[in-house]
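# Tertiary structure, described
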Amino acid sequence: MKKNLYIKTYGCQMNVYDSEKMATLLAPMGFELNESMNDADMVILNTCHIREKASEKLYSELGRIKELKIIRQTQNKDMMVVVAGCVAQAEGEEIFKRSSCVDMVVGPQSYQNLPELIAKAARDKKIVIDIDFPTISKFDSLPQAKVKGVSAFLSIQEGCNEFCKFCVVPYTRGEEYSRPTMEVYREALALASQGVMDITLLGQNVNAYNGLDESSQVSNLGKLIKMVAKIDGIKRIRYMTSHPRSMHDDLIDAHGTCEKLMPFLHLPVQSGSNQILKSMNRKHTIEEYLIHIEALRKARPDIAFSSDFIVGYPGETEEDFQKTMQIVEEVNYAQCYSFKYSPRPGTPAAIMSNQIPEDIKSERLLRLQNLIAAKQSAFNQSWIGREMEVLFEKNGKYKGQVVGKSPYMQAVHLSDGEKYLEKIVKVKITKSIANSLDSVVA
Ligand code: 5AD
Ligand code: SF4
């Protein structure tokens, strides 16, 4: 019998990827993805712990779900509620204590056990929890996701050993694990056979990738990219998220020699101040970061960069903050994400005594975001009148209009473009509006 499955995904691309895998895994049990939560037989919340108040947001969402579940029960229908993802990993049993509507809590390393756990929960009418870090990789047992469209994520590495002092990832996603190169290659082949042209290789610390190759030698991301680039159908390759400390020669070389590797790199620096970087345990200096940027620009002169920034990290002075502003000027980022530091329970920075008052954090964030917006706008404007190749992926808001992705992840619109859907087309940029570009066929 067909059952409705509703998955709500929070946070990063890793979660988007995991949600797709979960849907594929549950399909043989009769679960079909549905857009509405109201008539769901199963609701999965795939949570993210990186932002502020992640658990509060989860509990308030669960409050709403509880009401829906009660309504369904009065109609003699059930609703199984599953909390997955990093908040599940971090909160564990606490979730059952605080929210009576939850049937199952499952951590990111245990998704392959979902069918079994669901059967167990249904059979025993009991709550079920699985937040172990297993020794066998979950990747071995997850099925190949069915993808729609021409872009897809491919998870190649999970976990992080860096322990930046502000970050929960090492605690929720566990130790670094890299999939063997052949496994990645086979998944990329399968994606290409489903029509995927644009692939993003994912990992929490993706450039630390060290999977084994076919001769059981340790490989690296540079080599892996060159391998994936050999697949005909794959036209565009990207990777995220990188740590500056793990940039390596093979990877820089791939940027210089592999046409399919897009000239856009998200390389988070977090702060422009060496003092703050040290206190964050980032294990690199600004000078080292800039050397990577320079080497990448030399290898691929048309490359553009993006970054993440945290403002108001414990102990950040106005002088430190000015160094962050300076690095934005110096690198001339095409785009950036910036956040106010928010203490995450269980992380070392959360208990540092020199926390920055909220009003100072807000004021710094505003200044930084203004600068970032100006840089982004200048980058977009610089494309007016120039040509670029765009992969058109879907219909736009207006009739006949299509929307695609530039090599730099900008959204590009094209009128009367339906015949270009799912194709890479050379266009000329005519206009830059807010965060997107308008184009005509070149
Ligand atoms: N406070 C603010 N921002 C954070 N990030 C991670 N942890 C925190 C935190 N505790 C940001 C970092 C990271 C991005 C994904 O989220 O900039 O690169
Ligand atoms: Fe978190 Fe990234 Fe640092 Fe790892 S490298 S601890 S994922 S911020």
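If you're wondering where the values come from, they're calculated on a predicted model, not measured in any experiment. (Residues numbered from 1 in each chain as written. Chains lettered and ligands numbered in written order. Predicted model: local features only at pLDDT ≥ 70, side-chain atom pairs only at ≥ 80, totals over all residues. Heavy atoms only, no water.)

Moving on, we come to the overall build of the chain. Each helix and strand counted, the chain has 13 helices and 19 strands in total. On C-alpha atoms alone, the chain measures out to a radius of gyration of 23 Å, which is about the 22 Å that the 2.2 N^0.38 rule sets for 442 residues. Counting only C-alpha atoms and orienting by the principal axes, one finds that the chain spans roughly 60 × 60 × 50 Å. Among the 442 residues that make up the chain, the fraction classed as buried is 53%. Taken as a whole, the chain presents about 20,200 Å² of accessible surface, with 52% of it coming from carbon and sulfur. Averaging the locations of the 56 positively and 55 negatively charged side chains of the chain gives two centres separated by 3 Å. (Helix = DSSP H or I, 4+ residues; strand = E, 2+ residues; numbered from the N terminus. Rg over C-alpha atoms; globule rule 2.2 N^0.38 Å. Buried < 20%, exposed > 50% of the residue type's maximum accessible area, 1.4 Å probe, protein only. Areas by Shrake-Rupley, 256 points an atom, 1.4 Å probe, with all protein chains shown as cover. Lys, Arg positive; Asp, Glu negative; His and termini not counted. Charge placed at Lys NZ, Arg CZ, Asp CG, Glu CD.)

Formed by 51 residues in total, the largest nonpolar core has its most connected members in Ile-156, Leu-201, Leu-221, Ile-225, Tyr-239, Phe-309 and Tyr-333. If one sorts the elements of this core by residue count, helix 12 (residues 318-331) sits on top with five residues. Among all residues touching Ile-225, those that are not within four sequence positions of it are Leu-201, Ile-237, Tyr-239, Leu-251, Ala-254, Cys-258 and Leu-261. Counting 21 residues, the second largest nonpolar core, distinct from the first, contains Tyr-59, Met-79, Val-87 and Phe-96. (Core = buried A, V, L, I, M, F, W, Y, C linked by side-chain atoms within 4.5 Å. Contact = heavy atoms within 4.5 Å.)

Take the sheet that holds strand 11 (residues 236-240) next. Within a sheet, adjacent strands bond to each other through the backbone by hydrogen bonds, running parallel or antiparallel. Pairing is parallel across the open sheet formed by three strands, whose spatial order is 7-10-11. The open sheet is flanked by strand 7 (151-155) and strand 11, the only strands paired with a single partner. Neighbour-to-neighbour, the strand axes of the sheet open up by a mean angle of 25°, direction not taken into account. Sheet topology places strand 7 next to strand 10 (residues 198-202); five bridges connect them, and they run parallel. Within strand 10, the position partnered with Ser-155 by the bridge is Leu-202. Strand contacts of helix 8 (residues 221-228): strand 10 and strand 11, with the helix running at about 155° to strand 11, the strand carrying the most contacts. (Pairing = 2+ DSSP bridges. Axes fitted to C-alpha atoms, helices over the stretch in contact; angles between N-to-C directions.)

A full pass over the atoms with the stated rule returns 24 salt bridges. Note that Lys-69 and Asp-103 form a salt bridge whose closest N and O atoms lie 2.8 Å from each other. Of the two residues, Lys-69 sits in helix 2 (residues 54-74) while Asp-103 sits in the loop between helix 4 (94-98) and strand 5 (104-106), which places them 34 residues apart along the sequence. Glu-393 is the partner of Lys-405 in a salt bridge, and the nearest nitrogen-oxygen pair spans 3.6 Å. (Salt bridge = Lys/Arg side-chain N within 4 Å of Asp/Glu carboxyl O.)

All right, on to the site of ligand 1 then. Lining the immediate environment of ligand 1, one finds Ile-50, Arg-51, Phe-166, Gln-270, Asp-308, Ile-310, Phe-339, Lys-340, Tyr-341, Ser-342 and Arg-344. A distance of 2.6 Å separates an oxygen atom of ligand 1 from a polar atom in the side chain of Gln-270. A distance of 2.8 Å separates a nitrogen atom of ligand 1 from a polar atom in the backbone of Ser-342. Starting from 400 Å² of accessible surface for ligand 1 in isolation, the protein chains cover 88%. If you list the elements that add at least two residues to the shell around ligand 1, you get strand 13 (304-311) and strand 14 (335-340). For the shell around ligand 1, the per-class residue count stands at five nonpolar, two polar and four charged. (Near = heavy atom within 4 Å. Polar contact = N/O pair within 3.5 Å; in protein donor to acceptor, adjacent residues only side chain to side chain. Nonpolar A, V, L, I, M, F, W, Y, C, P; charged D, E, K, R; others polar.)

Time to look at the side chain of Ser-273. Tracing the backbone shows Ser-273 in the loop between strand 12 (264-266) and helix 10 (274-279). Apart from the residues within four sequence positions on either side, Ser-273 is in contact with Ile-286, Asp-320 and Lys-323.

This part covers the site of ligand 2. Lining the immediate surroundings of ligand 2 are Cys-160, Glu-162, Phe-163, Cys-164, Phe-166, Cys-167, Val-169, Pro-170, His-243 and Arg-282. The class makeup of the residues in the shell around ligand 2 is seven nonpolar, one polar and two charged.

Here we take up the sheet that holds strand 16 (residues 402-405). Read around the closed barrel, the five strands follow the order 15-16-17-19-18; overall the barrel is mixed. The mean inter-strand angle of the sheet, taken between neighbouring strand axes irrespective of direction, is 55°. Across five bridges, the pairing between strand 15 (residues 387-395) and strand 18 (residues 424-433) is antiparallel. Across the sheet, Leu-391 pairs through a bridge with Ile-424, a residue of strand 18.

Our focus in this paragraph is the UniProt feature "binding site: [4Fe-4S] cluster 1" (unreviewed entry) in the chain. Residues annotated in UniProt with the feature "binding site: [4Fe-4S] cluster 1" (unreviewed entry) correspond here to Cys-12, Cys-48 and Cys-86. For the residues just named, distributed over 75 residues, the greatest C-alpha separation is only 10.8 Å, placing them together at one site. Mapped onto the elements of the fold, Cys-12 is located in the loop between strand 1 (3-9) and helix 1 (13-26). As for its placement among the helices and strands, Cys-48 is situated in the loop between strand 3 (42-47) and helix 2. (UniProt positions renumbered as here; feature names shortened; annotations may be inferred.)

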